[in-house]
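Reading the structure
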Amino acid sequence: MVDLGTGDNSVAMAINDRGHVVGTRAGGEAFLWRDGRTTDLGAFTPTDINNRDEVVGYRFDDTQAVLWRDGIRTDLGTPGTHRVAHAVNDRTEVVGWSSAGADGRMRAFSWRGGVLTLIGDDDSVATDVNDRGQIVGSVGATDQFAVRWWRGTERLRTEPAQAVAVNREGAIAGVHFGSGTAGFVWQRGRFIERARRDRRSQPDDRRRLGATRGDLATIRPRAGVPPSDLTVA
C-alpha cells in the first residue's frame, strides 16, 4: 500500500493504467497524484481518469458535470439540475447522467468534442464507456435493467440488473438482482455469473476488465456516489 500523502480524510476515487490516481481531500478539493507528486484540480468530486490524465466528475455545489484536462476545468453544459460525469475513455468521450428527463428524471448522456447527446430514455444512467464507444448503464425507475448503447440500445438481461463497466474488448461487468445480488460478466452474448451475495453487496466497476478473477460481488461501491472503478482482471 502506498500513502499518497494527501492528508487525513482524503479519498482515492479512480486510477488509470499508468498508476495515476484522482481523489478528494478534506474540504472537497480534487487532486491528481502521479509519480509521487500531487496536483490540486479545484473544488469538484472526480469520478474517473483516463490514460491521458483527463479527469471527469461533478461540482458538489451545483452538481454540474465537469472535465479537467491540461490544467483547465470545463463545464460540460449538461441540462437539468443534477448532473454527473461518471466515466471518460481515451478518446475524451464522457458519459454520465443528468436530470434532463420529464419531471427532472435522469437521462444518460454522452459528450465528445463539445457536443452533448442524450442517449437514454427517462430513468437511464450511463456508467462506463470503452475506446470503441460502447456505453453501458441501466434503464428503469423501479426495476433497473442493464443496457449497452452501441449501434442502438440493447438490453443485456431480462431480469433487473445494472451494467457498471465495459472493457476495450466489449466484456461487460455488472450485478443482477433476485433473491440475492450476484455479479456477472457478459461477453459475446454469454453470461458468467459470480457468487451470489445479499443485496448489501454490489460490485464496483472499471472499464479495464478482462478474464475474471475473484468474486465480483465482494467488491463494494464507494460511499456517496454510484459505482465506479472496479478492476476485474
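Preceding block: the structure.
Thresholds applied
Residues numbered from 1 in each chain as written. Predicted model: local features only at pLDDT ≥ 70, side-chain atom pairs only at ≥ 80, totals over all residues. Heavy atoms only, no water. Helix = DSSP H or I, 4+ residues; strand = E, 2+ residues; numbered from the N terminus. Buried < 20%, exposed > 50% of the residue type's maximum accessible area, 1.4 Å probe, protein only. Contact = heavy atoms within 4.5 Å. Areas by Shrake-Rupley, 256 points an atom, 1.4 Å probe, with all protein chains shown as cover. Pairing = 2+ DSSP bridges. Axes fitted to C-alpha atoms, helices over the stretch in contact; angles between N-to-C directions. Salt bridge = Lys/Arg side-chain N within 4 Å of Asp/Glu carboxyl O.

Quick look at the overall build of the protein chain
- Broken down by element type, the protein chain carries zero helices and 20 strands.
- Across the 233 residues in the protein chain, those meeting the buried criterion constitute 52%.
- Counting contacts in the protein chain only where the partners sit at least 6 residues apart, residues at least 24 apart contribute 34% of the total.
- Total accessible area computed for the protein chain in this model is approximately 10700 Å², and 46% of it derives from carbon and sulfur atoms.

Remarks on the sheet that holds strand E2 (residues 21-24)
- Spatially, four strands are ordered E1-E2-E3-E4 in an open sheet, and the strand pairing comes out antiparallel. Looking at the sheet topology across the chains shown, the edges are occupied by strand E1 (11-15) and strand E4 (37-43). Along the sheet, successive strands turn relative to each other by an average axial angle of 25°, direction set aside.
- Here E1 runs beside E2; their pairing, made up of four bridges, is antiparallel.

Things to note about the side chain of Thr 78
- By the element assignment, Thr 78 lies in the loop between strand E8 (72-75) and strand E9 (83-88).
- Not counting residues up to four positions away in its chain, the partners in contact with Thr 78 are Gln 64, Ala 65, Arg 83, Ser 98, Phe 109 and Leu 116.

Here's the deal with the sheet that holds strand E10 (residues 94-98)
- Taken in spatial order, the four strands of this open sheet run E9-E10-E11-E12, and their pairing is antiparallel. Among the strands making up the open sheet, the edge pair consists of E9 and strand E12 (115-118). Strand-to-strand, the axes of this sheet are offset by a mean angle of 25°, without reference to chain direction.
- As defined by bridge partners, strand E11 (residues 107-112) adjoins E12 across four bridges and the pair is classed as antiparallel. The residue bridging Phe 109 from the neighbouring strand is Leu 118, located in E12.

Focus on the pattern of salt bridges
- One pass over the full model with this rule turns up 12 salt bridges.
- In this structure, Arg 69 engages Glu 54 in a salt bridge whose closest nitrogen and oxygen atoms are separated by 3.9 Å. Linking Arg 69 in strand E7 (residues 65-69) with Glu 54 in the loop between strand E5 (45-49) and strand E6 (55-58), this pair joins segments that are 15 residues apart in sequence.
- Its relative accessible area of 4% is what places Glu 54 among the buried residues.
- Here Arg 105 ties to Asp 122 by a salt bridge, and the two come within 3.9 Å at their closest N and O atoms. Residue Arg 105 is located in the loop between E10 and E11, and its partner Asp 122 is located in the loop between E12 and strand E13 (124-129); the two are separated by 17 residues in the primary sequence.
- Under the relative-accessibility criterion, Asp 122 is labelled partly exposed at 25%.

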